[in-house]
Amino acid sequence: MMILERGRFLTEWVLLIAGLMLVGFVIGVAQYREYADIDRRERDRLATQAGIINKNLGRSLQVVDRALTGIRDDLLVRRREKDGMAQTNRRLRAFSEAMRTVLALAVLDARGHVVAANRTELLGRDLSQHAFFQRPRANLELEGVHVSQPFQNESGAWTINLARALNGRGGDFSGVVVATLDPEELRAQLGAVLYGPD
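Notes on the structure follow. (Residues numbered from 1 in each chain as written. Predicted model: local features only at pLDDT ≥ 70, side-chain atom pairs only at ≥ 80, totals over all residues. Heavy atoms only, no water.)

## Quick look at the overall build of the protein chain
Here comes step 1: Broken down by element type, the protein chain carries 4 helices and 7 strands.
Here comes step 2: Relative to its length of 198 residues, the protein chain is extended, with a C-alpha radius of gyration of 31 Å against a globular reference of 16 Å.
Here comes step 3: The principal-axis extents of the C-alpha atoms in the protein chain amount to approximately 120 × 30 × 25 Å.
Here comes step 4: A total of 198 residues make up the protein chain; the buried ones form 32% of that total.
Here comes step 5: Intrachain contacts of the protein chain at a sequence separation of at least 6 include 51% that bridge at least 24 residues.
Here comes step 6: Counting every atom, the protein chain has about 13,300 Å² of accessible surface; 59% of that belongs to carbon and sulfur.
Here comes step 7: Across the protein chain, the centroid of the 27 positively charged side chains sits 4 Å from that of the 24 negatively charged ones. (Helix = DSSP H or I, 4+ residues; strand = E, 2+ residues; numbered from the N terminus. Rg over C-alpha atoms; globule rule 2.2 N^0.38 Å. Buried < 20%, exposed > 50% of the residue type's maximum accessible area, 1.4 Å probe, protein only. Contact = heavy atoms within 4.5 Å. Areas by Shrake-Rupley, 256 points an atom, 1.4 Å probe, with all protein chains shown as cover. Lys, Arg positive; Asp, Glu negative; His and termini not counted. Charge placed at Lys NZ, Arg CZ, Asp CG, Glu CD.)

Right, dumping it as structure tokens:
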């Protein structure tokens, strides 16, 4: 009788352990499926958000690049005119007012001095030590827009510069035309796709 009770007791424990393992396995599978589902949804959401940012910000950057190209091409004509730089300053102001993403537009000569700008306080400043001037000067063979690394501007806000090299008649470096992106506008564009504070 004692052996029978002991066998029954052992059987009950084995069945209990097997049942608990089965329940644990089912819960584990359900948790993994939920994890995989959340991971897939979040990846899809991030891909959608990245696509929206690329579309919106990409268009804004293309507009700025086209403006830089137009300013660069226009400078070839304006440099020969008596009031060419005054006209260029007016044109830079008009461009910056029309493009929400641009905080400042400037033309630097071959030494890195600002010769035209949408903001008068920039005129005459020496910006030759900045990367947005150094990179185009060092890489004349690279045609296209040069995008700076994010940096802190004078007010402490993080921003980015886009620059195009100016070439003289002989193809030599004669300066850059540069656009500083507005950090508040960039923050607004990037913040528009956030769905949570984290």
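Alright, that's what it looks like, and here's the rest.
## Observations concerning the pattern of salt bridges
Here comes step 1: One pass over the structure, following the stated rule, counts 11 salt bridges.
Here comes step 2: In this structure, Asp73 and Arg72 form a salt bridge, with 3.3 Å as the shortest nitrogen-oxygen distance.
Here comes step 3: Residue classification places Asp73 among the partly exposed residues on the basis of a relative accessible area of 38%.
Here comes step 4: Judged by its relative accessible area of 18%, Arg72 falls in the buried class.
Here comes step 5: For Arg119, the salt bridge is made with Glu121, and the minimal N-O distance between the two is 2.7 Å. (Salt bridge = Lys/Arg side-chain N within 4 Å of Asp/Glu carboxyl O.)

## Section: the environment of Glu97
Here comes step 1: Note that Glu97 resides in helix 2 (residues 84-98).
Here comes step 2: Through-space distance from the C-alpha of Glu97 to that of Ala192 is 22 Å; in sequence the pair is 95 residues apart.

## Some thoughts on helix 4 (residues 183-191)
Because an α-helix completes one turn every 3.6 residues, residues spaced three or four positions apart along the sequence face the same direction.
Here comes step 1: Where helix 4 is concerned, the buried positions are Pro183, Glu185, Leu186 and Gln189. The buried residues of helix 4 all sit within an arc of 160° when viewed along its axis, so they share a single face.
Here comes step 2: The opening residue of helix 4 is Asp182, an N-cap whose side-chain oxygen sits 3.1 Å from the backbone nitrogen of Glu184. (Arc of directions from axis to C-beta. Polar contact = N/O pair within 3.5 Å; in protein donor to acceptor, adjacent residues only side chain to side chain.)

## Details of the side chain of Ser128
Here comes step 1: Residue position: Ser128 is located in the loop between strand 2 (114-117) and helix 3 (131-138).
Here comes step 2: Engagement of the side chain of Ser128 in a polar contact is seen with the side chain of Asp126, the distance being 2.8 Å.
Here comes step 3: With residues up to four places along the chain from it excluded, the contact list for Ser128 reads Arg111, Gly112, Phe133 and Gln134.

## Things to note about the layout of surface pockets
Here comes step 1: Each pocket or cavity is described by its volume, and for the largest pocket that value is around 360 Å³.
Here comes step 2: Taken together, 16 residues make up the lining of the largest pocket; nearest its centre are Leu122, Arg125, Asn153, Glu154 and Thr180.
Here comes step 3: Of all the secondary-structure elements, those providing two or more residues to the lining of the largest pocket are strand 1 (102-109), strand 4 (151-152) and strand 7 (173-181).
Here comes step 4: Per element, the largest residue contribution to the lining of the largest pocket is 3 residues, and it comes from strand 1.
Here comes step 5: Looking at side-chain class alone, the lining of the largest pocket contains 8 nonpolar, 5 polar and 3 charged residues. (1 Å grid on protein atoms, 1.4 Å probe; cavity = no way out; pocket = protein on both sides within 12 Å on 5 of 7 lines; lining within 4 Å. Points joined across faces, edges and corners; volume = space filled by probe spheres on them. Nonpolar A, V, L, I, M, F, W, Y, C, P; charged D, E, K, R; others polar.)

## Considering helix 3
Here comes step 1: Among all positions of helix 3, only Phe132, Phe133 and Pro136 are buried. Seen along its axis, helix 3 keeps its buried residues to an arc of 100°; they face one direction.
Here comes step 2: In this fold, the buried residues of helix 3 make contact with strand 1, strand 3 (146-147), strand 6 (161-167) and strand 7.

The analysis is restricted to geometry; functional conclusions fall outside its scope.
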